[in-house]
Amino acid sequence: MTETTLSAIRASDEYAARLAEFSDEWADLHRQQAVLDARKARLLARSAAYADAFADATVPAIFPPAERQALSRRSTCAALAMATRMPERTIQRATNDAERLINEAPAVLESLEAGRISARHAQVITDQLCDVPAAGRAVFVEQVLPVAEGATVSYLRQRARVLRERLHPESITARAVRSEADRRVEFEPAADGMAWVHLFTTAPIAQGIIERVETAAAESRAAGDTRTCAQLQADALAALALTGVTPEDVMSSPVLPHPIEVQEHITPTVQITVPAVSMAGVSEAPATLDGYGPIDPETAARIAVNAPSFTRILVQPETGAVLSVGRNQYRVPADLQRAVRLRDSTCRAPGCGRRARACDLDHSVAWEDGGATDVGNLACLCRHHHRMKHLPGWSLDHKPGGVLEWTTPDGKHHRTEPDPAPF
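Figured I'd write up the structure that's included with this text.

Reading the values: rules and limits
- Residues numbered from 1 in each chain as written.
- Predicted model: local features only at pLDDT ≥ 70, side-chain atom pairs only at ≥ 80, totals over all residues.
- Heavy atoms only, no water.
- Helix = DSSP H or I, 4+ residues; strand = E, 2+ residues; numbered from the N terminus.
- Contact = heavy atoms within 4.5 Å.
- Axes fitted to C-alpha atoms, helices over the stretch in contact; angles between N-to-C directions.
- Left-handed = near helix turned anticlockwise from the far one by under 90°.
- Patch = residues over 30% accessible without salt bridge, like charges linked within 9 Å, V, L, I, M, F, W, Y side chains within 5 Å.
- Areas by Shrake-Rupley, 256 points an atom, 1.4 Å probe, with all protein chains shown as cover.
- Salt bridge = Lys/Arg side-chain N within 4 Å of Asp/Glu carboxyl O.
- Lys, Arg positive; Asp, Glu negative; His and termini not counted.
- Charge placed at Lys NZ, Arg CZ, Asp CG, Glu CD.
- Buried < 20%, exposed > 50% of the residue type's maximum accessible area, 1.4 Å probe, protein only.
- Core = buried A, V, L, I, M, F, W, Y, C linked by side-chain atoms within 4.5 Å.
- Expected span 1.5 Å × (residues − 1).
- Arc of directions from axis to C-beta.
- Pairing = 2+ DSSP bridges.

Examined against the element boundaries, aspartate 97 turns out to sit in helix H4 (residues 88–104). Setting aside residues no more than four positions away along its own chain, aspartate 97 makes contact with Gln123 and Thr126.

Spelled out as structure tokens, the structure:
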């Protein structure tokens, strides 16, 4: 055996030994993470139980009993969310999942605590379990848990879905009718002037939309369009949604309209904040589209042309100070309301992103307690946080400059400040 061969064997042995160390430590870290995730689940379930037990004592009796319990739970979740800078809905969902694990699938929680499955495995099981009637849950868990302990999350998701379907005592027809009531459209901002639109609808409609979009894109491509298939499909759906136009609708032109052409059909009620120097044509500083964020000035101008109700707000680019506010909209809000909503942008509770125009204008110091109706005493709060602010243990201190200091029932303090101008 040559020296080269011996060196290769030694190197291979060393690599194998190191790899074994890495894989063992990696697996151990995952087991530790699973143990922590199980502890989180038990803690969330305990916090929910305490919220229920103390609801009558901590929530004013003006609320009916069922609402008192819901408010107590939401107050607890809000305090936990603020302590970890997490969305309240995330804590609420995690609490529901934790209770489901403990009450309906204790064997899954035990497997998580032992490190045999991960939190993602447990999540797949609880996601499927939540729509299985009580009579079939024990059998479902009994059969799906061994799969979880020896499979990847993606494979478990596939097997769990099939198993749930086989064990479900209710017909798929009845479930489809019930699920159809949850259809909706959701908007999700993305970077660089882009956004996602999510449609949750019945499978046949979704499939029909995809097939029509693909057909329109293929016809446009065959006619010589150089856009990619992905771009053509996106443009086909936009054209169909905004103008009702696809190549099969307009026989004179099989080529899909460009997004810029489609934008001409948008007739929104918009609020666009524009730096004064951009309006003067000496800067490309971005405009701000209410509910989305920064967009390029050219797009802002193009959309504004077709807006029947349009508020243009000019700001000083260095300080963000408001220079002028347009008044040519259908229903002109009070100057004070506009100033507060413009300053706050969203609900001012820590971690809440509900848009300011969908929030209440709340007196930080109540009117009946001598609070003034001015910009220094008003803040945008969504209805949930507006109500929660008045629960025992919660307090809000309105500081100069629109700074809000919150105190939660556990005595912790959280501070929110108005967003600076985005340019």
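This next bit is on the packing of helix H3 (residues 65–84) against H4. Two elements in contact, H3 and H4, have axes separated by 8 Å at closest approach and are oriented at 115°. Both H3 and H4 take part in a crossing whose hand is right-handed. In this structure, H3 contributes Arg73, Arg74, Cys77, Ala78, Leu80 and Ala81 to the contact, and H4 contributes Glu88, Ile91, Gln92, Thr95, Asn96 and Glu99.

Taken together, the side chains of Arg74, Arg89, Arg93 and Arg354 make up a positively charged region of the molecular surface. Its location among the elements puts arginine 354 in the loop between helix H15 (335–344) and strand E8 (360–363). Using a relative accessible area of 46% as the deciding quantity, one classes arginine 354 as partly exposed.

Membership of the largest hydrophobic core comes to 30 residues, with the highest contact counts inside it found for Leu101, Val108, Ile117, Ile125, Phe140, Val144 and Leu156. Of all the secondary structure elements, the ones that give two or more residues to this core are helix H1 (3–53), H3, H4, helix H5 (106–113), helix H6 (119–129), helix H7 (134–148) and helix H8 (153–167). In this view, isoleucine 117 contacts Ala34, Val108, Ser111, Leu112, Ala122, Leu145, Ala148 and Glu149; residues no more than four positions away in its chain are not counted. Listed in part, the 22 residues of the second largest apolar core include Ala349, Ala356, Leu381 and Trp406.

Compared with an ideal rise of 1.5 Å per residue, which puts 20 residues at 28 Å, H3 spans 29 Å between its outermost C-alpha atoms and is within 8% of the ideal. Those residues of H3 not exposed but buried are Arg68, Leu71, Ser72, Ser75, Cys77, Ala78, Ala79, Ala81 and Met82.

What follows is about H8. In an α-helix, one turn spans 3.6 residues, which is why side chains three or four residues apart end up on the same side. The end-to-end C-alpha separation of H8 is 20 Å, in line with the 21 Å expected for 15 residues at 1.5 Å each. Listing the buried residues of H8 in full gives Val153, Leu156, Ala160, Leu163 and Arg164. Along the axis of H8, the buried residues cluster in a sector spanning 100°; they form a single face.

Two side chains of opposite charge can pair, provided their charged atoms sit close to one another. Within this structure, the stated rule accounts for 21 salt bridges. Measuring nitrogen to oxygen at the nearest pair gives 3.8 Å for the salt bridge that ties arginine 31 to aspartate 28. With arginine 31 and aspartate 28 both in helix H1 and 3 residues apart, this pair spans about one turn of that helix. Among the residues examined, arginine 31 registers a relative accessible area of 38% and is labelled partly exposed. Salt-bridge contacts for glutamate 104 lead to arginine 137; the nearest nitrogen and oxygen are separated by 3.3 Å. Remark: arginine 137 occurs in helix H7 and glutamate 104 occurs in helix H4; sequence separation between them is 33 residues. Via salt bridges that share partners, Asp52, Arg73 and Glu99 belong to a single interconnected network.

The next subject is the sheet that holds strand E12 (residues 413–416). Note on sheets: strands pair through backbone hydrogen bonds, and any given pair is parallel or antiparallel. Strand order in the open sheet formed by 3 strands is E10-E11-E12, and the pairing between neighbours is antiparallel. Bordering the open sheet on either side are strand E10 (395–398) and E12, each of which pairs with just one other strand. Each strand of the sheet is rotated relative to its neighbour by a mean of 20°, with strand direction disregarded.

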